[in-house]
Amino acid sequence: MARVAVRCEDVRKRFVIRRGRARTFQEAALALFQGGQAFGQRDEFWALDGVSFSVEAGRTLGIIGRNGAGKSTLLKLLAGTMQPTSGRMIANGKVFGLLELAAGFHPDLSGRENVFLNGAFLGRSHADMAKRLDEIIAFSELEQFIDQPVKHYSSGMYMRLGFAVALSVEPDILIVDEVLAVGDAAFRQKCLAALATAKAQGRTILFVTHDPGAVRRFCDDAVWLERGKVQAAGPALDVLRAYLATTTTHGAGVVPEGPPTDPYATPRGPIALTGVDLLEKGEGTQTPFREARTVRAPGDAWRMRLRYSVSEPVSGVSFGVAVHRDGGTYVLGAGTSGARYDLPVGDGAVIVTTEGLPLAPGLYSVSAGLWLDGASPDDGDPPDHRLTRAASVAVETPRILTAGLLAPRLAWEWPEDARIRTGPPKSHPIAQPDATTLRLAHPIAPHENTLRLAPSVTTPEPRMGRGFHGRFLPAPSRLTVGGGEDEFLGPGWHAPEDWPPAIRWTGWIDEDGGSLGSSVDAGASPADPADATYSPLDAGSVDGRRRLPVGTVFLTQDEWATALGVTLCRPHARADDADPVIVTIRVDGGPVGRLTLGAALLEPYTFPIEPVDTPREITVTIEVERPVLLDPAGTDRRILGVAVREVWVE
Amino acid sequence: MPSDPISGEAPSNKGRLGDVVSVFRELWHYRDLLRSLVSRDLAVRYRRSALGFVWSLLNPLLMMLVFTIVFQVVKPQSVRNYPLFVLAGMLPWNFLAGAISGATRSVTGNAHLIDKVYFPREILPLSVVIANLVNFLLSLAVFLPLALLLGARWNGWIFALPLVILIEVMIVTGISMMLAALNVFYRDTEQVLEVALTAWFFLTPVFYELELLPNQFLGIDVWRLVYTLNPMATLVTDYRYVMLYETPIIRHTLIPFLIGIALLGAGWWAFRRVAPAFAEEV
C-alpha cells in the first residue's frame, strides 16, 4: 500500500488583526497566561478556511493561487512554523521548506561555518554535514569563496549556497516556494535539474508558484487556492486550465489578475472596451459570445475581436493589443498603425488578425487598450482605457517542437554524406525523469519485427485529425508509437505534448462511465480525505471518483479496410505478478473488442470493423479499465495504463 | 520522531508535565543546532576584536579597577582584599546581565528564522544563556588561580561552586525564557529591562557587602528583604564564600535554589505556551 506523504484535513487558520496596541503590561501579563489572547477590539481573518488535500509520496504537487489566496500560510503550516487554528496536518517523513534560502546564514561567519549552522537549523548533525560538505561546495560552485564571510557574497552566491545546503539535507518532503524565480538562468536550470533528480528519487515536492509554466512543466498534481479555500485539485494540467480560465472572468468572487492598480482600468472618455474574444478563422462580428479562453496551435493565425461601447460620439480612436506569455513575458504589442477612426454611439468591435504566430506551447493572455483624440500607442501615449488580460489563449501541440518562446516549423538540411539513423528518440531529461529508470528496472521484451513498425501515411490528401489542437498531420491508416519501450498510455510518464501527433492521451474517464475529457470543474470539491478506502487505483481520483486513462487515435479507414489492429501489452509485468490490465477498444464510440493483457510482450490483435465506401477518418479510443500500479508496494503510486506500439486498419 | 513538527507528535504547547520528556527529546535531537548557535555566538562576539576572549575577563577587571578606586579612595571600605571581593561579584553578575539581555532579544532578533524554519524555539534563548555561561566559566578559570595567588583561602566548600553556578543558571534561564517570549508581544520589554537590570545591580551586593544594607529604613528591614527576595544577593555572597572565604553556604542557599526551580519551571512553561504564536507575531 503506497503512502500518503502529506495530508491536510479541513485545515483552518485564523489571523487576528488587532486594532491599537495601547495595551498595558498588566494586560500583557494576563495575556501571557491566557495563551496570547488579546483584549479589546480585533478583526479576524481566515487565511485558510477548510483546506483538505493529500499528496502521495513521490508526487509533485503545485500550489497555485493569486496573492493573498493563502499559499504562504499553507506553506508555513506545512513547514511547522505556524500551527493551524483547527484541522489536522499529517506529514509522513521529514519536512523541509525552502521558504527562504539561506534563512539561517549569519553574515559574519564564513560559507563553510554557515553550511554547518544552516544544516543544524534543518536538524542535521555536524557530522552529517561534514560528510556532505564537498558535495555542497561543488554544487554551489563556491570553492574559492567558501572560507570568506558570507556578507561578502553576492546574492547569487548566497542563493547557490542556500540551495545546495537545502538539497543536501535530503528531506522526504520538500517545500519549494518561488525560489526558482531568482538567480541566473544557468543556476535556475541546475536547480530544476536537481529538483527533477529529487523527484526521481521518490521525494515528495510541494511547489508553490505564480508561474503557471513551472507548474505545467514540473508538477503531477495541483491545488488551486482561492481566498483560503481549495477551488480545484487534481492533475496539474486540468487544475491549471481551470485556474487560467478564471483569470479572465471578472465574475463575483474572482479577483482579476494583472497589476492590482492599473491606472488605465477606468475609461477616461465616453468609450470603453468591453471585452476581447479570440475568433475562429472567418468568424465575424456577429458571432455570439464565446468562451474567453481558446486553444491555438503554434503557427495558427490569431483573430482577436476587441469589443467596445460608445456612449457619445468619439473621434480619433485607435486600438492596441498586447500578448503576454504565462502572465509575464511581453510577447507582442501592436497598435492600429496610425489609423484613427471616428465612432458613433453604440456597441461595436474591431477585429485584428495576425499572420501565423509560431508561438511555443504555453499560456498567453491578451490585453487591449484604446486611445482617443489622435493619441496612439505608436507614439507612446498612455491609453484612455485598458483591459489587462482580457482573454487567455493556450497554445498547445501534441509534441514539443522547440524550446524557448517560438515554435516555428523548421527545415534541417543535412550534408549529402550524412546517413539517417533510426531509433528511439532521446528522452527529455526533465519532462520525463523516470523513463530511463523504468526501462532499466523493468525492461519489456523488445519487439522482434522492427520492419513492421515503420509508420506509413497513406492518406492521399491532407486532412485534419479531429479533436487535436495541433493539426499538423493528416490521419494515417497505420500508426506506430515510438521505438522505445517507454510509450505508455497513462499520465505521469509523458506530458501530453510528448505524445506523437496522431495518438493522444486525452485524460481520464470516470470509472462509472462518465464522459471523456480532461477538464476539472472549477467548483469541484477536492478529493475527500475522509475516504478511508484509499484504493490503490485512486491515483487519478478527482472529487472522490476514480478516473482511468484513455488514449485516442485518429486513423483513416480506406475502402478496402475491414479490420482494426492494435499491438499492445501490459507494461511493467513481473513474474510473480499476474495482475492483468484490461482495456476496451472502441471505434467511433462503439466497442469493437476487450482485451485482458497479462504479459509484458507486445502482441498484435485484430478486430473486425464496418467497411466504408469512401476513405474516412475514424476515432479509435483505448480505454484502460483496469490499470496496474508501477509499484503497488512502494511509494511510486503512478498508474500504468497500457503500452501501445501500433494501431492500424487493414 | 521529534523532528516531525506537523505530525501531531510535536510537543504540544499546553505545558503539561507529560510533555517534559518530549521537550527534552526534541532538544536532544536539535543539540547540534544548540551547539552551532553557541559557537556562532562566541565566534561572532570576538571575531573582529584584537583581544578576543580576553575581553570577557578584562571587562570585569577594568570595572573592578573603577570600583576599587571609587570605593577605596572616595569612601574607604572595610572589606579585606576589596578588588577580589568586587571581581567575585562582577563575574556572576555579568553572566546574568549578559545572558538575560541577550536572550530577551533572541527571538525577536531572529524573526526571519522563526518565520521560515521549524526548530524548537527554546533553542534561541538557551543558546544565548549557554554562550554566556561558557564565557563565565572561562573567566572563572582565569579568576580562581588569580584569587589563590592574591590570598584567597579555600577548603572543601570550593566543591560547592558548581552548585552555586547551577542555581544561577536556573534563575537566568527561567527569566530569559520569560522575557524572550514577552518581548515578542511587547517590545517595551527590552526598554524596561535595561532599567530593571540597573536597579537589580544596585540591589545586589556586587560592590558592597550585603551586611551594609540597613536593618531599619523607613520602618523596613531592607537587609532582610533583599536577602529573602533577591536570590542574586545570596548567590553573589555564596560565590564569595566558596571562592574567597572558606565559609559554608548550606544555610543560605535553599531559598535561591527554590526560587531558581520556580523561575525555570514558570519561564519554560510560559515560553512553550506562547511559542506557537511567535511566527505570527514577530
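Residues numbered from 1 in each chain as written. Chains lettered and ligands numbered in written order. Predicted model: local features only at pLDDT ≥ 70, side-chain atom pairs only at ≥ 80, totals over all residues.

Novice: Just checking my understanding: could you explain the overall build of chain B for this structure?
Specialist: Within chain B, the regular secondary structure consists of 12 helices and 0 strands. Listing each helix as α and each strand as β along chain B from the N terminus yields α-α-α-α-α-α-α-α-α-α-α-α. Relative to its full complement of 282 residues, chain B shows a buried share of 42%. In chain B, once contacts between residues fewer than 6 apart in sequence are set aside, the share between residues at least 24 apart is 78%. (Helix = DSSP H or I, 4+ residues; strand = E, 2+ residues; numbered from the N terminus. Buried ≥ 20, exposed ≤ 12 C-beta atoms within 10 Å, placed from the backbone. Contact = placed C-beta atoms within 7 Å.)

Novice: Help me out: how do you make sense of the overall build of chain A in this one?
Specialist: Counting its regular elements, chain A contains 9 helices and 30 strands. Out of the 650 residues belonging to chain A, those deemed buried represent 44%. Within chain A, counting contacts between residues at least 6 apart in sequence, those at least 24 apart form 77% of the total.

Novice: I keep staring at the sheet that holds strand 12 (residues 301-310) of chain A and nothing clicks. Help me out?
Specialist: Two modes of strand pairing occur in sheets, parallel and antiparallel, and in both the strands are linked by backbone hydrogen bonds. Residue and element names in this part refer to chain A. Spatially, the 3 strands line up as an open sheet ordered 10-12-16, and their pairing is antiparallel. Looking at the sheet topology across the chains shown, the edges are occupied by strand 10 (271-279) and strand 16 (346-356). Looking at each pair of strands side by side, their axes are set apart by 20° on average, direction ignored. (Pairing = 2+ DSSP bridges. Axes fitted to C-alpha atoms, helices over the stretch in contact; angles between N-to-C directions.)

Novice: So what exactly am I meant to see when it comes to the packing of helix 3 (residues 111-121) of chain A against helix 2 (residues 31-46) of chain B here?
Specialist: The relative placement of two packed helices comes down to the angle between their axes together with the axis-to-axis distance. Running from N to C, helix 3 of chain A and helix 2 of chain B cross one another at 140°; their axes reach a closest spacing of 8 Å. By the criterion of interaxial angle, the relationship of helix 3 of chain A to helix 2 of chain B is oblique. Handedness of the crossing formed by helix 3 of chain A with helix 2 of chain B: left-handed. Across the interface between the two elements, Phe116(A), Leu117(A), Ala120(A) and Phe121(A) from helix 3 of chain A touch Asp32(B), Leu33(B), Ser36(B) and Arg40(B) from helix 2 of chain B. Class assignment for the residues of the contact of helix 3 of chain A with helix 2 of chain B results in 5 nonpolar, 1 polar and 2 charged. (Parallel < 35°, antiparallel > 145°, perpendicular 65-115°, else oblique. Left-handed = near helix turned anticlockwise from the far one by under 90°. Nonpolar A, V, L, I, M, F, W, Y, C, P; charged D, E, K, R; others polar.)

Novice: I'm lost on the nonpolar core in this one. Help?
Specialist: The tendency in soluble globular proteins is for nonpolar side chains to be buried side by side. Counting residues in hydrophobic clusters, the biggest one holds 179 residues, and the most contacted among them are Leu78(A), Leu206(A) and Ala222(A). Built from parts of two domains, this core gets at least three residues from each of domain 1 (4-11 + 42-246) and domain 2 (271-395) of chain A. (Core = buried A, V, L, I, M, F, W, Y, C linked by C-beta atoms within 7 Å. Domains from an automatic or database assignment.)

Novice: What's the story with the pairing of strand 8 (residues 221-226) of chain A in this structure? I'm lost.
Specialist: Walk down a regular strand and you will see the side chains alternate between the two sheet faces. All names here are of chain A. In terms of burial, strand 8 is a largely internal element, 6 of the 6 residues being buried. Side-chain alternation along strand 8 places Asp221, Val223 and Leu225 on one buried face and Ala222, Trp224 and Glu226 on a second face that is also buried. Where strand 3 (residues 60-64) and strand 8 come together, 4 bridges link them in parallel fashion. Along strand 8, the bridge assignment pairs Ile63 with Val223. Pairing of strand 8 with strand 9 (residues 229-235), which is carried by 6 bridges, proceeds in the antiparallel orientation.

Novice: What should I look at first to understand the confidence of the model for chain A in this one?
Specialist: One rule of thumb: low pLDDT means the predicted coordinates there are not for detailed reading. All names here are of chain A. Taken residue by residue, chain A gives an average pLDDT of 68. The fraction at 70 or more is 62%. Confidence, expressed as mean pLDDT per element, reaches its minimum in chain A at helix 9 (residues 435-441) with 26 and its maximum at strand 12 with 88. When the criterion is pLDDT under 50, residues 285-293 qualifies, and its contacts beyond four places in sequence or with other chains add up to 15 contacts. Note that residues 491-497 has pLDDT below 50 and, in this model, 21 contacts with residues that lie over four places away or in other chains. (pLDDT = per-residue confidence, 0-100.)

Novice: Is there a simple way to think about the environment of Gly228(A) in this case?
Specialist: Residues and elements named next belong to chain A. With respect to the secondary-structure elements, Gly228 resides in the loop between strand 8 and strand 9. Overall, the presence of 22 C-beta atoms within 10 Å leaves Gly228 in the buried class. In contact with Gly228, not counting residues within four places along its chain, are Trp46, Ala47, Leu48, Asp49 and Gly70.

Novice: When you look at unusual backbone geometry in this model, what are you seeing that I'm missing?
Specialist: What is expected of a backbone is that most residues other than glycine have negative phi and most peptide bonds are trans. Residues and elements named next belong to chain A. At Asp10, a residue that is not glycine, the phi angle is positive and equals roughly 50°. When you line up the elements, Asp10 lands in strand 1 (residues 4-18). Residues other than glycine seldom take positive phi values, yet Glu141 does so here, at roughly 55°. Positionally, Glu141 belongs in the loop between helix 4 (126-140) and helix 5 (155-168). Glu141 gets classed as partly exposed once you count the C-beta atoms within 10 Å, which come to 15.

Novice: Help me understand the confidence of the model for chain B, please; the structure alone is not making it clear to me.
Specialist: Residues and elements named next belong to chain B. In the predicted model, chain B carries a mean pLDDT of 80, and 86% of its residues have values of at least 70. Within chain B, helix 7 (residues 161-185) carries the highest mean pLDDT (91), whereas helix 9 (residues 222-229) carries the lowest (72). For this predicted complex, the interface confidence reaches an ipTM of 0.72, while the overall pTM sits at 0.55.

Novice: Honestly, the packing of helix 4 (residues 82-104) of chain B against helix 10 (residues 231-244) of chain B in this entry has me stumped. Any pointers?
Specialist: Residue and element names in this part refer to chain B. The contact between helix 4 and helix 10 brings their axes to 9 Å, and the two run at 130°. When the axes of helix 4 and helix 10 are compared, the pair comes out oblique. The crossing of helix 4 and helix 10 is right-handed. Contacts from Leu84, Phe85, Ala88, Gly89, Pro92, Trp93 and Leu96 in helix 4 reach Met232, Leu235, Val236, Tyr239, Arg240, Met243 and Leu244 in helix 10. Residues that form the contact of helix 4 with helix 10 fall into these classes: 12 nonpolar, 1 polar and 1 charged.

Novice: Just to check I follow, could you spell out helix 4 of chain A for this structure?
Specialist: It helps to recall that an α-helix has 3.6 residues per turn; residues three or four apart then point in one direction. Residue and element names in this part refer to chain A. Of all the bends in helix 4, the largest measures some 50° and sits at Arg132. Taken as a whole, helix 4 has its buried residues at Met129, Ile136, Phe139 and Ser140. Those residues of helix 4 that are buried lie in contact with helix 3 and helix 5. Backbone geometry just after helix 4 places Glu141 at a positive phi near 55°. (Bend = angle between axes of the 7 residues up to and from the residue.)

Novice: I tried to follow the environment of Tyr330(A) on my own but got confused; where do I start?
Specialist: Residues and elements named next belong to chain A. With respect to the element layout, Tyr330 can be found in strand 14 (residues 329-335). Distance from Tyr330 to Ser365, taken between C-alpha atoms, is 9.7 Å for residues 35 residues apart in sequence. Those residues within four positions of Tyr330 in sequence are excluded, and the remaining contacts are Ala322 and His324.

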